[in-house]
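# Overview (structure and organization)
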Amino acid sequence: MPKIFHGNGPWATLDTGIAGPRDASALLDAGFRDGWAILVEDGIIVESDTPDVLRARHPDSETTDLGDSLVTPGLVDPHTHPVFTGTREDEFEMRNQGHDYVAIAKAGGGIRNSARRLRASSEDELVADLRARCDGFLALGTTTIEAKSGYGLSTESELASLRAIRRVDADHPLDLVPTFLGAHEIPDEYREDREGYIALLIDEMLPRVAEENLAEACDVFCEEHVFTVDESRRILGRARALGMKVKLHADEIRPLGGAELAAELGALSADHLVAVSDEGLDRMRESGVVPILLPATSLYLNLASDAPGKKMLDRGLAPALATDFNPGSSPTRSLPLVMTFACLKYGMTAAQALGAATWNAACAIGREGKVGTLADGALADLVVWDLPNLRSLPYRFGESFVSRVLKRGEWCFERAGA
Ligand code: NIG
Ligand code: FE
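Since we're looking at a predicted model, the values are computed, not measured.

### A short note on the side chain of His-81
Here His-81 lies in the loop between strand 6 (75-80) and helix 3 (89-96). The exposure class of His-81 is buried, given its relative accessible area of 2%. For His-81, the side chain forms a polar contact with the side chain of His-79, separated by 3.2 Å. Here Asp-324 takes part through its side chain, which lies 3.1 Å from a polar atom of the side chain of His-81. In this structure, His-81 is in contact with Lys-148, Tyr-151, Leu-181, His-184, His-249, Asp-324, Phe-325, Asn-326 and Pro-327, ignoring residues within four places of it in sequence.

### Points about the coordination of the iron ion (ligand 2)
At this site the iron ion (ligand 2) is bound by His-79 (NE2), His-81 (NE2), His-249 (NE2) and Asp-324 (OD), with donor distances of 2.1 to 2.3 Å. All donors of the iron ion (ligand 2) come from a single chain, and their spacing in sequence reads H-x1-H-x167-H-x74-D. With His-79 in strand 6 and His-249 in strand 10 (residues 245-250), this residue pair connects regions lying 170 residues apart in the sequence.

### What about the site of ligand 1?
Around ligand 1 there are 16 residues in total, and Tyr-101, Tyr-151, His-184, Asp-324 and Ser-329 lie nearest to it. Arg-88 is positioned such that a nitrogen or oxygen atom in its side chain is 2.8 Å from an oxygen atom of ligand 1. Within the contact set of ligand 1, an oxygen atom lies 2.8 Å away from a side-chain nitrogen or oxygen of Asp-324. If you map ligand 1 onto the pockets, it falls in the largest cavity. Of the residues in the shell around ligand 1, the class split is four nonpolar, nine polar and three charged.

### Looking at the environment of Gly-372
Mapping Gly-372 onto the fold places it in the loop between helix 16 (359-363) and strand 14 (382-385). A relative accessible area of 4% means that Gly-372 is categorised as buried. In this structure Gly-372 touches Leu-14, Pro-73, Gly-74, Val-76, Thr-358 and Trp-359, once residues within four positions along its chain are discounted.

### Focus: the layout of surface pockets
A volume near 260 Å³ is recorded for the largest pocket. Surrounding the largest pocket, 18 residues form its lining, Asp-169, Leu-176, Pro-178, Glu-216 and Arg-367 being those nearest its centre. Elements with a minimum of two residues in the lining of the largest pocket: helix 7 (155-171) and strand 8 (175-183). Element by element, the count of residues in the lining of the largest pocket is highest for helix 7, at five residues. Here the residues of the lining of the largest pocket are counted per class, giving 10 nonpolar, two polar and six charged.

### Considering helix 14 (residues 335-346)
Look at helix 14: 15 Å from first C-alpha to last across 12 residues, which is about the 16 Å you get at 1.5 Å a residue. Among the residues of helix 14, those classed as buried are Leu-335, Pro-336, Val-338, Met-339, Thr-340, Phe-341, Ala-342 and Tyr-346. With a side-chain oxygen lying 3.1 Å from the backbone nitrogen of Leu-337, the N-terminal cap of helix 14 falls on Ser-334. Once helix 14 finishes, Gly-347 follows within two positions and takes phi at roughly 65°, a positive value.

### A few points about the pairing of strand 12 (residues 290-293)
Here strand 12 shows a buried face lined by Val-290 and Ile-292 and a second buried face lined by Pro-291 and Leu-293. One ladder, built from three bridges, connects strand 11 (residues 269-272) with strand 12; its direction is parallel. Residue pairing across strands places Ser-269 opposite Val-290, the latter belonging to strand 12. As paired strands, strand 12 and strand 13 (residues 320-321) are joined by two bridges and run parallel to one another. Of the residues in strand 13, the one forming a bridge with Ile-292 is Ala-320.

### Quick look at the domain arrangement of the chain
Taken domain by domain, the chain holds domain 1 (3-73 + 372-414) and domain 2 (75-363). Taking only C-alpha atoms, the centre of domain 1 and the centre of domain 2 are 29 Å apart. Each side of the interface is counted separately: domain 1 has 35 residues, and domain 2 has 31 residues. In this assembly, domain 1 packs against domain 2 so that about 2600 Å² is buried in total across both faces, 73% of it on carbon and sulfur atoms. Remark: the boundary between domain 1 and domain 2 carries two salt bridges.

### Observations regarding the pattern of salt bridges
Enumeration over the complete set of coordinates arrives at 35 salt bridges. Between Lys-407 and Asp-175 there is a salt bridge, and its shortest N-O distance comes to 2.7 Å. Here Lys-407 is found in strand 15 (residues 402-407), whereas its partner Asp-175 is found in strand 8, with 232 residues between them in sequence. Across the pair, Asp-175 and Lys-407 agree in class, each one buried.

### Observations regarding the packing of aromatic side chains
Enumeration over the complete set of coordinates arrives at six aromatic pairs. With centroids separated by 5.8 Å and ring planes inclined at 85°, the aromatic side chains of Phe-5 and Trp-411 adopt a geometry described as edge-to-face. Highlighted residues: Phe-5 in strand 1 (residues 3-12) and Trp-411 in strand 16 (residues 410-414), separated in sequence by 406 residues. Accessibility expressed as a relative area gives 2% for Phe-5, which makes it buried. When its relative accessible area of 26% is taken as the criterion, Trp-411 is described as partly exposed. Relative to Tyr-300, the ring of Phe-92 has its centre 4.9 Å away and its plane inclined at 15°; by these criteria the two rings are stacked. With Phe-92 in helix 3 and Tyr-300 in helix 12 (residues 295-300), this pair connects stretches of sequence that are 208 residues apart. A cation over a ring is seen here: Arg-133 above Phe-84, with NZ or CZ 3.6 Å from the ring centre.

The rules we used
Residues numbered from 1 in each chain as written. Chains lettered and ligands numbered in written order. Predicted model: local features only at pLDDT ≥ 70, side-chain atom pairs only at ≥ 80, totals over all residues. Heavy atoms only, no water. Helix = DSSP H or I, 4+ residues; strand = E, 2+ residues; numbered from the N terminus. Buried < 20%, exposed > 50% of the residue type's maximum accessible area, 1.4 Å probe, protein only. Polar contact = N/O pair within 3.5 Å; in protein donor to acceptor, adjacent residues only side chain to side chain. Contact = heavy atoms within 4.5 Å. Donors = N, O, S within 2.8 Å, 3.2 Å for Na, K, Ca; no water. Near = heavy atom within 4 Å. 1 Å grid on protein atoms, 1.4 Å probe; cavity = no way out; pocket = protein on both sides within 12 Å on 5 of 7 lines; lining within 4 Å. Sits in = over half its atoms within 2 Å of the grid points. Nonpolar A, V, L, I, M, F, W, Y, C, P; charged D, E, K, R; others polar. Points joined across faces, edges and corners; volume = space filled by probe spheres on them. Expected span 1.5 Å × (residues − 1). Pairing = 2+ DSSP bridges. Domains from an automatic or database assignment. Buried area = accessible area lost by both parts, 1.4 Å probe. Salt bridge = Lys/Arg side-chain N within 4 Å of Asp/Glu carboxyl O. Phe/Tyr/Trp six-rings, centres within 6.5 Å; stacked < 30°, edge-to-face > 60°. Lys NZ or Arg CZ within 6 Å of the ring centre and 35° of its normal.

Here you go:
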């Protein structure tokens, strides 16, 4: 039976009719309706209108009243690393005592620390850990995530990580969009033979990933202590030839030219961008690359500066927001927290931050119009917030105000007592 979900509160539908990633002025319009209703069939929004009109048109539908609360699309997190084993609170403490993130990585910590642990896990263990972590995303209002591999760094462990993502996506309400990130670090056994690891990525891992259709995109950590621009170009070029979309961890710590490479390759997104050049920003805008801002990471790494989010908005780019959820540089799943940081650090309004964590985030993972909007044809994913208006969403922080979460037309989270 078709279902109607209706409410009398403010609905930020993001349904504004503007196609493609949205710039600062387009983001100001969150598609507000003062009271709204959607008709859902098979998990998809098939019609929307005012509550009275929609109910009169479909009198036989099952109806649910969402009351006077704020309603938004389910949030979309376009950059996460959720497949890992163990945590790294020891490194958090070391950094706070003055040790440097890159120095810890070079000394064998960081991503290689996580890789040693993940390699000791079976695929079933990875699935169990990942499944448990997915519940936390839903509880914070996120209904779709991009999920990277990248803590295996061997053919076997990278494939196991991607298979774990596929298995959890199949039976957990959260949607996971898989990205292959074998080029996240040079593993211990290839420290003296980086060319050997790049050959493994290009000649063995990528073809296997493509053959099993395990990833929609390929990502590379392009940074001074990891993969150079030329190495990234080779790896991503192979991925593209195998039919994958490409993404980049670009210019996070040093201005290497990762943003320029993302533009050259027509990447879906370039992420981090703390040290991006003005030239890189202009090239990204011209090529339609979505910049993904990760303000929780720059804060958590205590970096001296942050990505020029305000400058991106002023120059006509269309940024998205993400948590970068991972065990090293950003152990948070909270997009509402990231939205608060984006308002504080980049001068975003609440509507701009929401649009960056829904509509633009969907564009950054190839899901435009399918998620991150309450337009007809999108998945029936929405969040009912225990908040009276959209401005309250980034204004409140450090607590969750998610009341209920609908995924594909089914309730998948309800706060106790809500
Ligand atoms: O996006 N920058 C590269 N990768 C992760 C960090 C990984 C880690 O420290 O475990 C990131 O921040
Ligand atoms: Fe990352």
